[in-house]
Amino acid sequence: MAEIVITIDGPAGVGKTTVAKHLANRLGFTYVDTGAMYRALALIAQEINVTPEHEEMLGKLARELPLSFKQDGMKFSVFLDGRDVSEEIRSPQIGMLASTISKLLIVRKGLWELQRKLAQAAPKAIFEGRDMGTVVFPDAVAKFFLTASPEVRAKRRWKQLITSGKEVTYEEIYRSLLERDKQDMEREIAPLKPAPDAIVIDTSNLGIESVVNKMYQHILNKVGGVSNG
Ligand code: C5P
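Residues numbered from 1 in each chain as written. Predicted model: local features only at pLDDT ≥ 70, side-chain atom pairs only at ≥ 80, totals over all residues. Heavy atoms only, no water.

(A) Representation of the pairing of strand E3 (residues 67-72). Examined bridge by bridge, E3 and strand E4 (residues 75-80) share six bridges and lie antiparallel to one another. Its bridge partner lying in E4, Gln-71 is registered against Phe-76. Between E3 and the antiparallel strand that follows it, E4, lie two residues; Gly-73 among them carries a positive phi value of about 65°. (Pairing = 2+ DSSP bridges. Helix = DSSP H or I, 4+ residues; strand = E, 2+ residues; numbered from the N terminus.)

(B) Structural view of the packing of aromatic side chains. Using the criterion set out here, one finds five aromatic pairs in the structure. Ring geometry for Tyr-31 and Phe-76: centres 4.8 Å apart, planes at 70°, overall edge-to-face. Linking Tyr-31 in strand E2 (residues 30-33) with Phe-76 in strand E4, this pair joins segments that are 45 residues apart in sequence. On the basis of relative accessible area, Tyr-31 is assigned to the buried category, the value being 2%. Counting every residue linked through ring pairs, the aromatic cluster contains Tyr-31, Phe-69 and Phe-76. (Phe/Tyr/Trp six-rings, centres within 6.5 Å; stacked < 30°, edge-to-face > 60°. Buried < 20%, exposed > 50% of the residue type's maximum accessible area, 1.4 Å probe, protein only.)

(C) Structural view of the side chain of Arg-130. For Arg-130, the location among the structural elements is in the loop between strand E6 (124-129) and helix H6 (132-136). There is a polar contact of 3.4 Å between the side chain of Arg-130 and the side chain of Asp-184. In this structure, Arg-130 is in contact with Asp-9, Gly-10, Pro-11, Ala-12, Lys-16, Arg-180, Asp-184, Arg-187, Pro-191, Leu-192 and Lys-193, ignoring residues within four places of it in sequence. (Polar contact = N/O pair within 3.5 Å; in protein donor to acceptor, adjacent residues only side chain to side chain. Contact = heavy atoms within 4.5 Å.)

(D) Inspection of the nonpolar core at higher detail. Among the nonpolar cores identified, the biggest contains 60 residues, and Ile-6, Ile-126 and Met-215 are the most heavily contacted of them. Broken down by element, this core gets its largest block of residues, nine residues, from helix H2 (residues 34-47). Excluding anything up to four places from it in sequence, Met-215 contacts Ile-8, Val-19, Leu-23, Phe-144, Leu-146 and Ile-201. (Core = buried A, V, L, I, M, F, W, Y, C linked by side-chain atoms within 4.5 Å.)

(E) Spotlight on the sheet that holds E6. Pairing in this open sheet of five strands is parallel, and the strands run E2-E6-E1-E7-E8 from one edge to the other. At either end of the open sheet lies a strand with only one pairing partner, and these are E2 and strand E8 (199-202). Averaged over neighbouring strand pairs, the angle between their axes works out to 20° when direction is ignored. Bridge analysis of E2 against E6 gives four bridges, and the strand direction is parallel. Bridge pairing links Val-32 to Phe-127 in E6. Contacting strand E1 (4-9), E2, E6 and strand E7 (142-147), helix H1 (residues 16-27) runs over the sheet at an angle of about 175° to E6. Strands in contact with helix H9 (residues 208-223) are E1, E7 and E8; relative to E7, the strand with the most contacts, it is inclined by about 160°. (Axes fitted to C-alpha atoms, helices over the stretch in contact; angles between N-to-C directions.)

(F) Fine view of the pairing of E4. Of all six residues making up E4, five are buried, and the element is well covered by its neighbours. Note that E4 and strand E5 (residues 83-84) share two bridges and pair antiparallel. The residue of E5 that forms the bridge with Phe-79 is Asp-84. Counting the residues between successive antiparallel strands, the hairpin from E4 to E5 contains two residues, one of them, Asp-81, with a positive phi of roughly 55°.

This is the structure:
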């Protein structure tokens, strides 16, 4: 098990990824975006026509996912079998499919195993997702749960996608975000919710810097100073 695991959970578009990357850079920690794992699985499933009804097949794909990550400062790339899919997995359609297949226990079990393996390999890591603090790393040193209004989140996500050249409307993003939230919160297995011991931060009116500072301070208080590397 890693020496120090920090978890960041929260709904879609809340800024988890940006904040987690900044925090990881500042602390010199490894950063793991677990949403990217569900998205990569969704992409493979779509490419080979495996629908959510094919539970066994999805479980097998999850267990054998040929996934690798590359972290270079603020740039985090996702590779499937060596192919860079960092951009492809970000579409709203893949997000929705990821949410649908993430309801399946067989899929979650496969990816939980992968996440725990990554934690074993990284001495100090930040894991970002939906169930990091509640299910995967209940003993994490510090747990955070980020929130923000759906309007603020949809706007952030929309801007991100527009900036990266995607043709999407705000309304489309808003609708799919609400639908995904509902699906993620209402699922039976590992639903989206804060761990009882998580620090909840509403980021609606806070800039990235302020959120990162709050978290950094909390971690320092908890760990009493963390060395880089
Ligand atoms: O974080 P991101 O929006 O990229 O995640 C895509 C989907 O993957 C989420 O809507 C959620 O259904 C699923 N997910 C999950 N558990 C995680 C991370 C993501 O169920 N730890």
